[in-house]
Amino acid sequence: MSARVFVLIPAAGLGTRVNAELDRNLSADVKTPTGNFLPKQYQILGKDGVSMLVKTLTPFLSHPGIHHISVLVQETDVHIATILANFPQIQIVRCGADTRAQTVEGAIEYLRQQAKEDDWVLVHDAARPGLVAQDLTRLFDALIDEPVGALLALPVVDTVKRQDSDQIIPHVKETLERSDLWLAQTPQAFRYQVLQRALNLAKKNDFVGITDEASAVEALGLTPRLVKGSSLNFKVTTADDLAIARVLWA
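Parameters and conventions
Residues numbered from 1 in each chain as written. Predicted model: local features only at pLDDT ≥ 70, side-chain atom pairs only at ≥ 80, totals over all residues. Heavy atoms only, no water. Helix = DSSP H or I, 4+ residues; strand = E, 2+ residues; numbered from the N terminus. Rg over C-alpha atoms; globule rule 2.2 N^0.38 Å. Buried < 20%, exposed > 50% of the residue type's maximum accessible area, 1.4 Å probe, protein only. Contact = heavy atoms within 4.5 Å. Areas by Shrake-Rupley, 256 points an atom, 1.4 Å probe, with all protein chains shown as cover. Axes fitted to C-alpha atoms, helices over the stretch in contact; angles between N-to-C directions. Parallel < 35°, antiparallel > 145°, perpendicular 65-115°, else oblique. Left-handed = near helix turned anticlockwise from the far one by under 90°.

**Quick look at the overall build of the protein**
Phase 1 of the analysis: Scanning the protein from terminus to terminus reveals 8 helices and 9 strands.
Phase 2 of the analysis: For 250 residues, the compact-globule estimate of 2.2 N^0.38 gives 18 Å, and the C-alpha radius of gyration of the protein, at 19 Å, lies within 12% of that figure.
Phase 3 of the analysis: Taken along its principal axes, the extent of the C-alpha atoms in the protein is 50 × 50 × 35 Å.
Phase 4 of the analysis: Counting every position in the protein, which comprises 250 residues, the buried fraction comes to 48%.
Phase 5 of the analysis: Considering only contacts within the protein whose residues lie at least 6 apart along the sequence, 69% involve residues at least 24 apart.
Phase 6 of the analysis: Surface summary for the protein: the accessible area is close to 13000 Å², and the carbon and sulfur share equals 51%.

**A closer look at the packing of helix H4 (residues 100–110) against helix H6 (residues 192–204)**
Phase 1 of the analysis: Relative orientation of the contacting elements H4 and H6 amounts to 130 degrees, with a least axis distance of 10 Å. Here H4 is positioned oblique relative to H6, judged by the angle of their axes. With respect to the hand of their crossing, H4 and H6 are arranged in left-handed fashion. Taking contact as the criterion, the partners of Ala 101, Val 104, Glu 105, Ile 108 and Glu 109 in H4 are, on H6, Tyr 192, Leu 195, Gln 196, Leu 199, Asn 200 and Lys 203.

**Observations concerning unusual backbone geometry**
Phase 1 of the analysis: The amide bond that connects Thr 186 to the next residue, Pro 187, takes the cis arrangement and shows omega of 5 degrees.
Phase 2 of the analysis: Relative to the assigned elements, Pro 187 resides in strand E8 (residues 182–191).

Here it is in structure tokens:
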């Protein structure tokens, strides 16, 4: 691709759901010296002592088509400088906000003086350490003739049930047709101008209904391309997810 590629890694989350579920008897490496739990993206996954965030960054660091990598954190983050001490080529941007969409919107403003309208912006979750180089290359290949953008995703293979919201105890209301359903993953890649327009519109609407970059772009009336990803590229959201990730990288 002739356009440059800017990678944004939102890492501003506190891992509230994971921390709320973690057993207080877990090993000490999930805690800070003060006894508080580390945000999930900074926790160690394997015996090599490497954090989830660094494992997430690895396929981007080795890809020749990437121009710039930024990690987006909270203003008060005290861990990131240590975590990325050996990666001076990665820019730390302290634009973390209440939601992922707001954080990415802040980063888009940060890139205003660097990125051109047709440059690509790839956004990838800090808590998806299972991205493999082949999937990243497949996404890049899809962008060659794509005017809007694309995202990794997985076709739904499980039977999907809709809950009856009128009942306090969950019961099935109906079974959904799954043949055209996909589970969105990251990276999600869009032209800088497209993503800027999308997030500006989302900001005007208080980011209501915006759960990822693709949903913001869809609100412009555009249709991002779906690129089949891998089940290894799952997002670590719960304590069970963290346990699975630790087994995979043991």
